[in-house]
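# An overview of the molecular structure
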Amino acid sequence: EVAVRCPDSFPEKTNTLHGAQAVRRMLTAVTSLTNLRLKNYLDGETACATLCKGIANNSTLRELDLRGVYLNTKEGIQDEAKDGIIKALASNTSGIKIFNDFGLQRGPAHGRGASQVQEDLPRRIEHTARKMVWYNHRRLEWAPKKNECNLERTLNLLEDTLVRNTEDVSPSDVLIILQASYDNHYTFSNPRILSALEQHKCLKEEAVCKHGPRDIVAMLDGYSKLAWKPEKTMLRALERRAEEILQDFEPNTLSQMMFGYTFLEERPGRSFLDAVEKRVRETARMIRSNDITRLLTAFATFQQPLVEGLVDALEQRLEVVPPDSPWAVCQTLWAFAKMGRLPGPRLLGLLEGKAQEIAGELSPRNISNLLWAFATMERQLGRSLMGKLESQMMTNFQFFAPQHYSITMWAFGMMRMEPGEEMWVLMERRGVEVSRQRDFSPSHINMVLTAYSKLEKHPGPELLRALERKIETTANDFSGFVTASILLAYARMSTRPSARVLEVLEHQVETTASDMVPTSVAFTLYAFATLGCVPGDIVLEELRQRVEVVAQELDTAYIAMILWTVCFLSIHLPVAAGRLVKSLAPHLSRVDQEQSRVVLSEMHQFFVSCDLEELLRAGLPASVVNLRETLGPACRAAFVLGDTLPSASQQQVSESLRRMGLDVEDEARCPKSGYSIDMLVREKEGGGHISRGAPSAQGSGGAAMSDAKG
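Residues numbered from 1 in each chain as written. Predicted model: local features only at pLDDT ≥ 70, side-chain atom pairs only at ≥ 80, totals over all residues. Heavy atoms only, no water.

### Details of the overall build of the protein chain
Here is the rule: Helical segments are the DSSP runs of H or I of at least four residues, strand segments are the runs of E of at least two, and each set is numbered from the N terminus. Only protein chains enter the accessibility calculation, which uses a 1.4 Å probe; a residue whose area is less than 20% of its type maximum is buried, one above 50% is exposed, and one in between is partly exposed. Any pair of residues with heavy atoms lying within 4.5 Å of one another is described as a contacting pair. Surface exposure here means Shrake-Rupley accessible area, sampled with a 1.4 Å probe, where a residue is shielded only by the protein chains that are shown.
Within the protein chain one finds 32 helices and seven strands. Looking at the protein chain as a whole, 55% of its 710 residues qualify as buried. Partitioning the intrachain contacts of the protein chain with sequence separation of at least 6 by distance along the chain shows that 76% fall at a separation of at least 24. Accessible surface for the protein chain amounts to roughly 32,300 Å². Of this, 48% is attributable to carbon and sulfur atoms.

Take a look at the structure:
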């Protein structure tokens with residue numbers, strides 16, 4: 001028998017990956033090994049997956065004793081890691097007998113101590129329920145330890161106790177049993193048990209008046225984990241009871257209660273939140289870092305306007321007791337970003353330094369939260385931290401769930417930070433895999449495409465096909481914002497969607513146009529024009545009507561963007577384009593010479609179209625005519641300031657023409673429109689001139705104008 005002690009992860013928080021790697025090497029190298037006992041802490045999905053590979057590669061192991069191992073499940077191990085354990089055991093032909101419920105038992109730092117649960121029945125119920133759920137669901141051999149109660153007997157005892165609604169089971173224990181069901185994705189085989197749990201009187205509103213802090217925390221935790229939404233009256237009763245006994249809440253239970261609320265859709269009442277703030281201020285000097293992280297997460301989630309100085313007090317406390325676990329470091333940064341607040345220089349430096357130290361321990365969720373926070377705070381990652389995160393992502397890329405993958409991609413796009421080529425290939429591969437999963441939602445599609453558009457990259461062919469297949473099957477669930485954002489991403493990537501994708505997106509625009517926010521309306525019109533796609537009459541009319549409704553809320557930049565789309569629409573649908581102009585006409589007085597160069601350039605292109613298109617010009621409102629007279633020169637001046645550089649192929653043609661004895665002027669400026677002409681070619685001895693090429697693209701959406709007017 002060989003006993004291997006993995007490096008401790010608690011309390012020193014040492015990375016256990018190296019220990020797991022050592023075990024894997026030993027399992028591969030030692031061909032005579034039959035019995036193995038592991039001790040101490042096994043921390044995180046990577047260490048778990050590493051151990052699984054070692055088990056799968058060994059053909060001599062007969063017994064694996066994990067009774068001394070605690071798996072850090074504070075973050076929640078990924079389903080793929082759990083499945084990896086089972087697959088590793090299944091692939092090993094030696095038929096390993098496994099002792100202890102590896103992957104379920106919590107470590108001493110996160111487990112429920114004996115003082116937190118009643119002795120005898122409730123404790124046995126909790127322990128055996130977890131055993132029963134794990135072994136029954138995974139079909140592993142259960143080797144009960146000495147004095148462990150019989151499974152069948154415990155199940156009968158559990159059912160009888162709950163059905164009788166006796167006082168033997170407290171609210172905490174009831175929710176513990178329900179959480180055992182949730183944590184292991186298992187439904188109790190006897191429906192009477194679950195029904196009895198739901199009907200147990202300790203979870204009824206009239207019993208709340210007797211609950212203590214720990215009961216309230218357990219109930220909120222259970223509701224949130226089970227996605228079991230209680231009635232509003234029940235939540236209000238919990239709030240009233242909590243407010244009554246708020247002085248009995250220690251910082252730890254207070255933070256756990258508030259963190260439990262973050263998973264429910266119902267926001268606590270204002271008076272309750274005010275009372276919690278007051279209690280936090282009273283205990284600020286005693287709060288531990290993890291408790292501060294939970295509180296900041298709750299306040300950020302509720303968008304609670306905090307009392308002045310409260311966040312400063314918590315920030316000062318964090319400078320004294322900074323977070324040190326992967327979850328706490330990343331979640332603290334997430335909370336500050338969510339509140340729209342940048343931590344002070346000292347705390348930010350501490351958090352960034354700690355993130356760099358523990359980068360090798362970060363889970364996919366930690367990484368996505370960390371990157372989201374930096375992107376939202378508009379702060380760039382240091383080269384060293386970025387390198388360590390890439391290394392950790394390459395090791396764990398197969399564990400990135402749809403949410404973690406899409407947030408990570410979005411953050412890279414918003415920070416304009418492109419990972420290394422090898423990392424990018426792995427992330428694209430993972431993108432194809434997660435796009436096939438049911439929980440890859442419309443918002444995830446949007447974030448991934450937005451990331452590519454921000455990085456000015458194109459998804460690989462396989463990933464693009466996978467994303468478009470997902471769009472085709474889920475487009476009916478797209479909101480107006482998601483639909484507009486996806487169209488905008490295609491436009492910025494200069495990538496035209498497939499015919500089927502364009503069809504379903506256009507249909508969704510028609511469906512959601514009446515609810516679109518102002519920016520979504522502008523982006524949708526801009527995307528259609530940039531992609532050179534003419535929307536149907538009904539779609540365009542729906543968008544025009546929405547423009548009319550939200551015009552007062554449109555920023556001048558978006559007014560100019562919509563008028564720029566008129567340049568394209570006036571070629572194909574001049575009457576509809578004219579109606580769109582009339583919808584904006586009452587609001588054009590807000591556009592003046594103080595606008596940005598992009599806005600003025602777009603207005604110039606609109607004025608040029610008005611000169612060129614007779615049908616558009618004929619129906620121009622007086623406000624547009626007056627604006628062109630007063631603002632026209634300034635718009636043209638802004639437009640011609642734009643640099644136009646000849647392409648490499650254009651330069652080659654230009655040189656060839658010069659060698660032929662012709663006079664060539666690159667990027668010649670048209671005196672009337674202000675557009676640049678790619679090449680103006682003249683015979684040196686006089687005579688006429690011949691122009692080659694379309695006007696060069698300039699300003700926002702110049703490519704579409706070039707195609708339209710060329």
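Back to the text.
### A closer look at the pairing of strand S5 (residues 662-669)
Filter applied, for reference: Whether two strands pair comes down to DSSP finding at least two bridges between them.
Alignment of S5 against strand S6 (residues 676-683), held across seven bridges, turns out to be antiparallel. Looking across to S6, one finds that Asp663 is bridged to Arg682.

### A short note on the pattern of salt bridges
The condition is simple: Here, a salt bridge means any Lys or Arg side-chain nitrogen found within 4 Å of an Asp or Glu carboxyl oxygen.
One pass over the full model with this rule turns up 21 salt bridges. We note a salt bridge from Arg346 to Glu319, for which the minimum N-O separation is 3.6 Å. Placement of Arg346 in helix H15 (residues 345-357) and of Glu319 in helix H13 (residues 310-320) is noted, with a sequence separation of 27 residues between them. A residue is classified by how much of its surface remains accessible, and Arg346, at 55% relative accessible area, is exposed. What emerges from the salt-bridge pattern is a single network uniting Glu541, Arg544, Glu548 and Arg579.

### Some details on the environment of Val425
When you line up the elements, Val425 lands in helix H19 (residues 421-435). Separated by 35 residues in the primary sequence, Val425 and Gly460 have C-alpha atoms spaced 9.1 Å apart.

### Looking at the side chain of Ser654
Inclusion rule: Polar contact criterion, stated in full: a pair of N or O atoms within 3.5 Å, where within protein one must be able to donate a hydrogen and the other to accept it, and residues adjacent in sequence count only if both atoms are side-chain atoms.
One can find Ser654 in helix H31 (residues 648-659). Side-chain polar atoms of Ser654 contact the side chain of Asp666, separated by 3.2 Å. With residues near it in sequence (within four places) discarded, Ser654 still touches Val664, Asp666 and Met679.

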